[in-house]
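# Architecture at a glance
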Amino acid sequence: MRSNPADYQLVAPASLQAVVSLLAAEPGAWLPIAGGTDVMVQYAAGKLPARKLVSIWNLPELRRIEVSPEEIRIGAGCTYTDLREHEVVQSEFSLLARAAAWTGGIANQNRGTLGGNIVNASPAADSLPALLVYDAELILISVRGERRVPYKDFHTGYKKTKLASDELVRAVCLARRFSGYLAYTRKVGARNAQAISKVCIAALGRRASGVVEDVRIALGSVAPVPLRLAETERLVTGKPVEPSLLVSAKRVAIAEIQPIDDIRSTARYRAAVAGNLVAEFLEKIGEN
Amino acid sequence: MTGDHIVGVSVPRKEGRDKVTGRAQYVDDLTLPGMLFGATVRSQVPRSKIGKITFGPGIAWDEFIVVTARDIPGKNVIALIANDQPCLADGVVNHPEEPILLLAHSDRHLLPQAVAAVSIEYDQLPALFTVEQSETRSEVIWGSDNIFKSYLVEKGDVDGIWKKADYIVEGEYKTGAQEQLYIENNGMIASFDAQQGMTVWGSLQCPFYVHKALMALCNLTADKVRVVQMETGGAFGGKEEYPSMIAAHAALLAIKCGRPVKIIYDRLEDMAATTKRHPSRTRHRTALSKDGRILGGEIELTIDGGAYVTLSPVVLSRATIHAGGAYYWPNVRITAKAVATNAPPHGAFRGFGAPQSLFALERHMDRIAQVVGLSPVEIRKRNFLQPGQMTTTEQTVREPLDLVRLLDRALELSDYHAKKQRFAKENELGTSRKGIGIAAFLHGAGFTGSGERNLSSVVGVEGCADGTIKVLVSSTEFGQGTKTVLCQIAAETLGLPYENVEIAQADTDQVPNSGPTVASRTVMVVGKLVQSAALGIKQTLMGSGLLGDSYSAEQFRSACRTQVAAHGQFRSWARYEAPADVFWDDDKYRGEAYAAFAWAVYVAEATVDMTTYNVSVDDFLALQEVGKVLHPVLARGQIAGGVAQGIGYTLYEKVIWQNGRMQNGQMTNYIMPTSADLPVVRVFFEEMGNVHGAFGAKGIGELPMDGPAPAIVNAVEDALKVPFDSIPLLPEDVFEALLAKREPQSVGGVR
Amino acid sequence: MTESLSLEIRALHEVSLTVNGELKTVRAYPMERLLDVLRHQLGLTGAKEGCGEGECGSCSVLLNDALVNSCLVPVLQAKDADIVTIEGLAAGVQLDVLQEAFLKSGGAQCGICTPGMILAAHHLLRRKPNPTTEEIREGLSGNLCRCTGYIQIVEAVAEAARRRAAA
């Protein structure tokens, strides 16, 4: 443990309102901590710049999953376990359920939260490609009230977001209109559990009259932010799945991403695997 | 007599109940009154003169104990083989993370900031980071030539064989560093008292190594140093030599402040600063006849020792002796060297050099098979050692060894031939490729050559006042089952229930020096001594008429009680004596290298996912001849666990170096396999027996580390038809090799 | 208001929590790790620190019935919670079925991962009394073991599940 607990403050207000009041009183001074699976790691390594923390763990307002006929609204404080075990998430948003199931081990799934994954804003975060393809919208809250922003605009750069210094992510909303799609997702990591992605993909697709009717493809760990492959999607839409399409889709997908060499993998490998995953997804649509 | 055997039965692990209830006491679980906490200030650069040291602002330095090299009462050295490694750097550093000074404080939380506030000026010197750089001698960083140790093994006339050869096959093979990654980090507590001397409690394998190091460092006599092993949470060689360093640091702080001092490394420090498996490079050049028989060969082996000698000479020794493997070499020349680089010293790790040289050899055998046009099975069968033949060091195989039969049984158990055919067919379709590979190998038990003779280990067995038996050894338990098996041996020898035998804590004040717990020697060598010492107890009781030829356990206990009541402490000792016919020449590196070899054939089945280039091991069969299996559950656990580490070594675990420093020293980025990654390892034993071991046992702990890497990489080659000659083999490497495959590449040189 | 709040919280807090069925009150900084409070203040040293970053699972405990890495839990978040550590699993001298199975099957070698591993297995069996081998392997995948290769651990959990079902 490379930090001194005496140097840190932590408060645990009883309500969401009290938390946002605290954030408003000293904008940028308080770091929210939910399950601690990111914050506590930095803290133990002696690398947590923030000295004042506010606990949002288990706030009832953040830990609910509300289902209406149009959408599902997932509290930002819901854990990966909550997501994995929720019936509607499992059946209609399987990409998210799968991502939750391969984020860390069981203990971290019991503490890590969807909101944490979003604001931590790592390009390797497992749940974010799924949010991209489901056109997720985020509800942000502050003393100024709530605002709703599309997730695709939220994540602006490497570990950067549009969250204001007095704001919290309150909930994630997913429209219930993807049940007719083929869902495909894979995580490529250094091992089968407890791995940080080298590349991950979440994709939805639908075939009609022998051609790809609609397709949505997102990748993680191949750019500073999780990426929707707009060009690749445009290329394949309206076309039949055949070997030549797979080749050109691979090429366009690789051109759309900006992978890097780092401690976990190489840019060349990431690009090749990303292309392979896109092709594998399209093949599955073809078989569907 | 109870009539029932205890040896060969899976009795409960002696310390098992404490382990499953959380009561087992590891060093970090121990708190002494008034104890301070210690920390180490380390070099940030690889090789440098040390300039000014400044204690920066913002820290209440008057509250801290500070120790430098000047505070060392004895020699500034960690006594081991060459005595070249200082306890604290004095004037120069030779690797990143080298200890420079020590701090202690009563509040452990204040230490990290204090360590960071010490600033050291460095006047950097050129440094070497690879074997190849060291070989150029562009800088001389150790001795006169950067070579810690070299060996030459010569048998027959190698130079004369090349012109007789039908084929000459060459290859170069490399292995990377590997972190032991015991889940319990290193730690020590030291307490000093002018009258009583120095006591340390710690996580360690070799109490008397620490004892020796502290005597030299603290200038204390043997009776003033006491070393106590706490429960040890995994070691794998990683707690063989480095604990002496941590004990030395804790001891210096304890002397300076007059209070007990605890040093516990966190994972980052343990990974960055402590030893790893030696990286290696092996070159083979082999002459073969038309029908695939080895005529002879040259083997050139180099290991990277890091910045100080530490154990590199003995690691190199084992690598050298295992380099010819389980095959008959009529002519061979093995040249081996350990070189210096400016990395933290590499050290002991399960297998101890053998996994490196056996990876090279068993990959090379598959390469030879391709060149000669035989199957991997057939090339091995034609060259296996047979009874009466001599190994590369001219040790005659005296046991009724039948490696062909061992291999055949492994092939049958793994359904090798049917699978190989099926995979070849199925690989034409689908998005994955499957392959199957074998490795046949041996592992010598006990210290190399005259090592056991020099160690001259002593074991005691005590008849206690209550009639039970206590085994007295410095051999340590760190998961393998030392306590359990040695108690089984004593109980079996005496015809007592297992429950009547206990084993003393490894405390140098209480137990004799039965040698270090390394080298797969405990069950075979120490076990045999326990058997002798226990026999001594029985003979004394019989000789004094307290016990008849046949007796019940109760009669034994009663006789023992009577003996103790009449004569006081009742102990029997046994000292190792080398068998008269064992010969070893340290200069020529020739003779009986080991008292016994264990033999094995491993078969690995691997799948390569052609979308991600990930390799997974789907099935793993481990068949070995280990003499007598004394405890089936523990023996299987040793094999399965060793294979798991071997799979990690092959496919997952890569130490990423930059300027001599590990870049991925966390469990999140140094990747060991989880339960979701490993196959079921199917473990089978053959039991040929061994006259040198207790109840016929041989060593078992290290053997399973040797075979997985070549078996798996051979399977990957079988799947992809692309050769891979270095480990770890990561998906990125598979991908690059498949890309390069478009270029035609010759496999070995064909004459 | 914030200023006074800050001053107050920099001091030691009294935190009450139930540990292995007993109500305990500790004085701690709110960011102290639950792991350290258990080990240093309550003398429950069964939970171990292997990595300090939630990767190895050797500090696993149950917090309100959920398996957590206690190295990642600030003690303030355990206020009023119900904690079960390895010390609380056996009923007196009678070992839990899982502990017995680990002993018998060779699931414990060096023992350092064992407390966390047994608690992870306990958590799994509560949710899935008859797990498949794959479910066991997944359920334990956050708990690293360097000794066993997991095989005898998986066997121990399967054995315990059978015995719990038969009981």
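Just so we're clear, the structure is a prediction, and the values are computed from it rather than from any experiment.

## A word on the overall build of chain B
A count of helices and strands for chain B gives 19 helices and 28 strands. Whereas a compact globule of 751 residues would reach a radius of gyration of roughly 27 Å, chain B reaches 27 Å, a difference of no more than 12%. Counting the 751 residues in chain B, one finds 65% classified as buried. For chain B, contacts bridging at least 24 residues in sequence account for 81% of all contacts bridging at least 6. About 25,100 Å² of surface is accessible on chain B, with carbon and sulfur atoms providing 49% of the total. In chain B, the 73 positive side-chain charges and the 85 negative ones have mean positions that sit 2 Å from each other.

## Things to note about unusual backbone geometry
Looking along the chain, the bond that leaves Ile-727 of chain B and enters Pro-728 of chain B is cis, with omega of 0 degrees. Backbone geometry at Asp-135 of chain A places phi at a positive 50 degrees, although glycine is not the residue there. Exposure remark for Asp-135 of chain A: the relative accessible area of 30% places this residue in the partly exposed category. In the Ramachandran plot, Phe-695 of chain B falls in the positive-phi region, its phi being about 50 degrees despite a non-glycine side chain. With respect to the helices, strands and loops of the structure, Phe-695 of chain B is situated in the loop between β27 (681-686) and α17 (703-706).

## Considering the pattern of salt bridges
On inspection of all chains with the given rule, the structure shows 92 salt bridges over all chains. Here Arg-84 of chain A ties to Glu-138 of chain C by a salt bridge, and the two come within 2.9 Å at their closest N and O atoms. Residue Arg-84 of chain A is found in helix α3 (residues 80-85), and its partner Glu-138 of chain C is found in helix α5 (residues 133-139); the two belong to separate chains. Accessibility expressed as a relative area gives 28% for Glu-138 of chain C, which makes it partly exposed.

## Notes on the packing of helix α8 (residues 354-372) of chain B against helix α9 (residues 376-383) of chain B
Residues and elements named next belong to chain B. Interaxial distance between α8 and α9 falls to 8 Å at its minimum, and their mutual angle equals 110 degrees. If you check the angle between α8 and α9, you find them roughly perpendicular. For the pair formed by α8 and α9, the contact residues are Glu-362, Met-365, Asp-366, Ile-368 and Ala-369 on the first element and Pro-376, Ile-379, Arg-380 and Asn-383 on the second. The residue inventory of the contact of α8 with α9, partitioned by class, reads five nonpolar, one polar and three charged.

## Quick notes on the environment of Asp-706 of chain B
Residue and element names in this part refer to chain B. Looking at the secondary structure, you find Asp-706 in helix α17. In the structure, Asp-706 is positioned 104 residues away from Tyr-602 in sequence and 9.6 Å away in space, judged by C-alpha atoms. Filtering out sequence-adjacent residues up to four positions away, Asp-706 remains in contact with Gly-351, Ala-354, Pro-355, Leu-358, Phe-441, Leu-442 and His-443. A polar contact of 2.6 Å, which involves the side chain of Asp-706, links it to the side chain of His-443.

## Section: the sheet that holds strand β15 (residues 332-339) of chain B
Residue and element names in this part refer to chain B. One open sheet accounts for six strands, arranged β7-β15-β14-β13-β8-β28; its pairing is mixed. A single partner strand is all that each edge strand has here, and the edge strands are β7 (147-155) and β28 (726-727). Alignment of strand β14 (residues 294-304) against β15, held across eight bridges, turns out to be parallel. In the sheet register, Ile-299 faces β15, and the bridge partner there is Ile-334. Most of the contacts of α8 go to strand β8 (residues 167-175), to which it runs at about 145 degrees, and overall it touches β8, β13 (280-288), β14 and β28.

## Some points on the domain arrangement of chain B
Residues and elements named next belong to chain B. Taken domain by domain, chain B holds domain 1 (16-24 + 451-575), domain 2 (43-125 + 181-273) and domain 3 (280-448 + 589-740). Here the C-alpha centroids of domain 1 and domain 2 sit 34 Å apart. Each partner contributes residues to the interface: domain 1 has 18 residues there, and domain 2 has 19 residues. Taking both sides of the interface into account, the surface hidden between domain 1 and domain 2 amounts to around 1,500 Å²; carbon and sulfur atoms contribute 55%. If you look at where domain 1 meets domain 2, you find three salt bridges. A salt bridge links Arg-226 to Asp-509; its shortest N-O distance comes to 4.0 Å. Where domain 1 meets domain 2, there are seven residue pairs in polar contact (both at pLDDT 80 or more).

## Describing the interface of chain A and chain B
On the chain B side, the residues contacting the 25 residues of chain A number 29 residues. Taken over both partners, the interface formed by chain A and chain B buries close to 2,400 Å², and the fraction arising from carbon and sulfur atoms is 52%. Among the residues of chain A in contact with chain B, Arg-2, Arg-191 and Ile-263 of chain A are the three that bury the most area, contributing 28% of the side total. Here chain A is connected to chain B by four salt bridges. Here Glu-732 of chain B ties to Lys-198 of chain A by a salt bridge, and the two come within 3.0 Å at their closest N and O atoms. Between chain A and chain B we count 13 residue pairs in polar contact (both at pLDDT 80 or more) in total. Elements represented by at least two residues in the side of chain A that touches chain B include exactly β11 (182-188) and α12 (267-287) of chain A. When residues of the side of chain A that touches chain B are assigned to their parent elements, the largest contribution, seven residues, is made by α12 of chain A. Looking at the side of chain A that touches chain B residue by residue, the classes come out as 10 nonpolar, seven polar and eight charged.

Reading the values: the criteria
Residues numbered from 1 in each chain as written. Chains lettered and ligands numbered in written order. Predicted model: local features only at pLDDT ≥ 70, side-chain atom pairs only at ≥ 80, totals over all residues. Heavy atoms only, no water. Helix = DSSP H or I, 4+ residues; strand = E, 2+ residues; numbered from the N terminus. Rg over C-alpha atoms; globule rule 2.2 N^0.38 Å. Buried < 20%, exposed > 50% of the residue type's maximum accessible area, 1.4 Å probe, protein only. Contact = heavy atoms within 4.5 Å. Areas by Shrake-Rupley, 256 points an atom, 1.4 Å probe, with all protein chains shown as cover. Lys, Arg positive; Asp, Glu negative; His and termini not counted. Charge placed at Lys NZ, Arg CZ, Asp CG, Glu CD. Salt bridge = Lys/Arg side-chain N within 4 Å of Asp/Glu carboxyl O. Axes fitted to C-alpha atoms, helices over the stretch in contact; angles between N-to-C directions. Parallel < 35°, antiparallel > 145°, perpendicular 65-115°, else oblique. Nonpolar A, V, L, I, M, F, W, Y, C, P; charged D, E, K, R; others polar. Polar contact = N/O pair within 3.5 Å; in protein donor to acceptor, adjacent residues only side chain to side chain. Pairing = 2+ DSSP bridges. Domains from an automatic or database assignment. Buried area = accessible area lost by both parts, 1.4 Å probe.

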